[in-house]
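Structural description and commentary
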Amino acid sequence: MSAPTHTPAHPATTGGVDIRLPWWALALPALAFIVLLVMMLNPTDAQAAGSDPMITHLFERAHQLIAR
């Protein structure tokens, strides 16, 4: 004896995946990236014993370009 099959009442017609992220799923990684970038671009607060002048120059130029 065979069992009857059930078909869904409303089949998916969009063909795509509908995933909604909460607002903090995008905001927190973006905030962390910005904080780390600002910490790297502010070499005056660094307590390093010595640093490569080329890297410092690169960060200063990037900071000047962002500040415009």
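Residues numbered from 1 in each chain as written. Predicted model: local features only at pLDDT ≥ 70, side-chain atom pairs only at ≥ 80, totals over all residues. Heavy atoms only, no water.

1. Comments concerning the overall build of the protein chain
Regarding its fold elements, the protein chain presents two helices and zero strands. Carbon and sulfur atoms make up 67% of the accessible area of the protein chain, which amounts to about 6,800 Å² in all. (Helix = DSSP H or I, 4+ residues; strand = E, 2+ residues; numbered from the N terminus. Areas by Shrake-Rupley, 256 points an atom, 1.4 Å probe, with all protein chains shown as cover.)

2. A few points about the packing of helix α1 (residues 23–41) against helix α2 (residues 53–67)
With their axes 9 Å apart at the nearest point, α1 and α2 run at an angle of 125 degrees to one another. When the axis of α1 is compared with that of α2, the two are oblique. Two secondary-structure elements touch here, α1 through L37, M40 and L41 and α2 through F59, A62, H63 and I66. For the contact of α1 with α2, the per-class residue count stands at six nonpolar, one polar and no charged. (Axes fitted to C-alpha atoms, helices over the stretch in contact; angles between N-to-C directions. Parallel < 35°, antiparallel > 145°, perpendicular 65-115°, else oblique. Contact = heavy atoms within 4.5 Å. Nonpolar A, V, L, I, M, F, W, Y, C, P; charged D, E, K, R; others polar.)

3. With respect to a nonpolar patch on the surface
A surface patch of nonpolar side chains, about 830 Å² in accessible area, is lined by W23, W24, L28, L31, V35, L36 and M39. Looking at the element boundaries, L36 is found in helix α1. With a relative accessible area of 52%, L36 lands in the exposed category. (Patch = residues over 30% accessible without salt bridge, like charges linked within 9 Å, V, L, I, M, F, W, Y side chains within 5 Å. Salt bridge = Lys/Arg side-chain N within 4 Å of Asp/Glu carboxyl O. Buried < 20%, exposed > 50% of the residue type's maximum accessible area, 1.4 Å probe, protein only.)

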